[in-house]
2 protein chains.
Amino acid sequence: MVAEVDVNEVPHQRPRTRDRILSSASRLFSQNGYEHTPLSHVAREAEVSKALILWHFDSKEDLFRAALSRTLEPYYIDVGDLGTLDEGNQIKKLVDLYAKFVRDNRYSVRFLVDLMIRDSGPAEVLSQVGELYALFRELLTQTIECGRNNGRFRHDVNPTLDAALILTSLDGILMEKFIKDEHSQTTPEGLLEHLKDTALHRLLS
Amino acid sequence: MVAEVDVNEVPHQRPRTRDRILSSASRLFSQNGYEHTPLSHVAREAEVSKALILWHFDSKEDLFRAALSRTLEPYYIDVGDLGTLDEGNQIKKLVDLYAKFVRDNRYSVRFLVDLMIRDSGPAEVLSQVGELYALFRELLTQTIECGRNNGRFRHDVNPTLDAALILTSLDGILMEKFIKDEHSQTTPEGLLEHLKDTALHRLLS
DNA sequence: GTCTATATACAGATAGAC
DNA sequence: GTCTATCTGTATATAGAC
């Protein structure tokens, strides 16, 4: 009889279930919010018992943090090769990328906006989102500055202020996607085009 | 001829307590949200028992509706006499009024934004807010149209689109008041001025 | 690791005395 | 109208068998 050595004792032993729990939690929290997703729902969706969830995670709060981190994993913006474009088209492209990002991550973005408005949720996660946001704004600022320096943009543009205004306007437009407004006679897409037009109208010499 | 309604024909009751409950509920719901204000909190603040609240209102949901209506009571925008200003300054004034309104009703506006993002809350109340919003947008639209027709604004302005863009930009800026952004190098007030400048820069001939 | 069964807490809501 | 006491449901979390 051979002594049984449990090769599976530590490292890569089935994160299968833990992973399923995390996925389900991530989806449900994003779609329905923290308050409206009891552990029982996560348990049902992940096809495990509630007790098992709390064996893997110390508490619901703990699960929430872990799930939120996972939600943020795909949060990056690939700006690609902006260098080949002139500054005006760089601005347009950045605006489009931002809009696409929000569209692609609709549910989780809405959820995060909700968290930020109420200033709830783990601070480290929120600050992570803040960094991404700041990075994007910095990109806009530098592009405007660059265009000003090489004379393609007006000499009196204010890179910081103009970038911030473009970004907040963008936020306002995209917010409309989360709020149904039956009186609106414009579409977010139409407004997006108009934003790009007016922004360039202001920036270009 | 209109029949007068005798207000005193209804019982000589003191709506004192009911009113206190409504006030407390209104404040707590606005500040902490529906989920985070149990009836026990409303009861404590209003100095009554939970049971009494449910004697006055059929359910928590019912209380919520009533409280929300009260929250919306001061929701109107007094545009004053716009007629004395030229169209450019009318736009500026409208933007300022909107900003002031949001500032004056910070907590309840944030709460309503939260409700609308999550599309929860009584439909009739939400649509009431939507009407106010649409009305304000219509005011902007007409002002721009007017300015175009009398030649003070460019002939190629698009009243509907330009008004909508100004309004969504405004929303984006004011949203920042609800979200703390430690990396920001601009203030909402600064952005507001910049929005007015760029909007007029685009509109004026 | 995974389960069933249970503990504990607290929410909204009811019953009934006063 | 207002209270105390209680019901009922559901949430998070724990105990302990397998």
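Residues numbered from 1 in each chain as written. Chains lettered and ligands numbered in written order. Predicted model: local features only at pLDDT ≥ 70, side-chain atom pairs only at ≥ 80, totals over all residues. Heavy atoms only, no water.

**Student:** Account for helix 7 (residues 123–149) of chain A, naming residues and giving values.
**Tutor:** Here helix 7 of chain A spans 38 Å end to end across 27 residues, near enough to the 39 Å set by a 1.5 Å rise per residue. A positive backbone phi angle near 85 degrees is found at G151 of chain A, which sits one or two residues after helix 7 of chain A. (Helix = DSSP H or I, 4+ residues; strand = E, 2+ residues; numbered from the N terminus. Expected span 1.5 Å × (residues − 1).)

**Student:** Outline the protein's contact with DNA strand D, listing residues and values.
**Tutor:** In the vicinity of DNA strand D, 16 residues are found, and the nearest of them are L39, K50 and K60 of chain A together with T17 and S49 of chain B. Among the atoms of DNA strand D close to the protein, meaning within 4 Å, 55% are from sugar or phosphate groups. Taking L39 of chain A, its main chain carries an N or O atom lying 2.9 Å from a phosphate oxygen of DNA strand D. The backbone of S49 of chain B places a nitrogen or oxygen atom 3.0 Å from a phosphate oxygen of DNA strand D. Broken down by secondary-structure element, the contributors of at least two residues to the surface near DNA strand D are helix 2 (39–46) and helix 3 (50–56) of chain A together with helix 3 (50–56) of chain B. Among the elements that make up the surface near DNA strand D, the one with the highest residue count is helix 3 of chain B (4 residues). Tallied by class, the residues present in the surface near DNA strand D amount to 8 nonpolar, 6 polar and 2 charged. (Near = heavy atom within 4 Å. Polar contact = N/O pair within 3.5 Å; in protein donor to acceptor, adjacent residues only side chain to side chain. Nonpolar A, V, L, I, M, F, W, Y, C, P; charged D, E, K, R; others polar.)

**Student:** Describe the side chain of T37 of chain A, naming the residues involved and giving the relevant values.
**Tutor:** Checked against the element boundaries, T37 of chain A lands in the loop between helix 1 (16–32) and helix 2. Those residues within four positions of T37 of chain A in sequence are excluded, and the remaining contacts are L28, F29, N32 and K60 of chain A. (Contact = heavy atoms within 4.5 Å.)

**Student:** With reference to specific residues and values, describe the protein's contact with DNA strand C.
**Tutor:** Contacts to DNA strand C come from 15 residues, most closely from T17, S49 and A51 of chain A together with L39 and K60 of chain B. The sugar-phosphate backbone supplies 56% of the atoms of DNA strand C found within 4 Å of the protein. T17 of chain A is positioned such that a nitrogen or oxygen atom in its side chain is 2.7 Å from a phosphate oxygen of DNA strand C. Going through the elements one at a time, helix 3 of chain A together with helix 2 (39–46) and helix 3 of chain B are the ones with two or more residues in the surface near DNA strand C.

**Student:** Which residues make up the interface of chain A and chain B, and what are the values?
**Tutor:** With 43 residues of chain A at the interface, the matching set in chain B holds 43 residues. Across the interface of chain A and chain B, roughly 3,800 Å² is buried in total on both sides, 64% from carbon and sulfur atoms. The tally of links between chain A and chain B comes to 4 salt bridges. Its salt-bridge partner being K180 of chain A, residue D119 of chain B comes within 3.8 Å of it at the nearest N-O pair. Between chain A and chain B we count 7 residue pairs in polar contact (both at pLDDT 80 or more) in total. When contributions to the side of chain A that touches chain B are tallied by element, the ones reaching two or more residues are helix 6 (106–118), helix 7, helix 8 (159–175) and helix 9 (188–203) of chain A. Residue contributions to the side of chain A that touches chain B peak at 10 residues, all from helix 8 of chain A. Here the residues of the side of chain A that touches chain B sort into 14 nonpolar, 15 polar and 14 charged. (Buried area = accessible area lost by both parts, 1.4 Å probe. Salt bridge = Lys/Arg side-chain N within 4 Å of Asp/Glu carboxyl O.)

**Student:** Please set out the relation of the copies chain A and chain B residue by residue, giving values where relevant.
**Tutor:** Superposition of the two copies of the chain requires a rotation about an axis and a shift along the axis. Superposition of chain A onto chain B requires a rotation of 180 degrees combined with a translation of 0.0 Å along the rotation axis, giving an RMSD of 0.1 Å. Here the copies are linked by what is in effect a two-fold axis. A high fraction, 100%, of the interface residues of chain A reappear at the interface in chain B, so the copies pair face to face through one surface. (Least-squares fit on C-alpha atoms with pLDDT ≥ 70 in both.)

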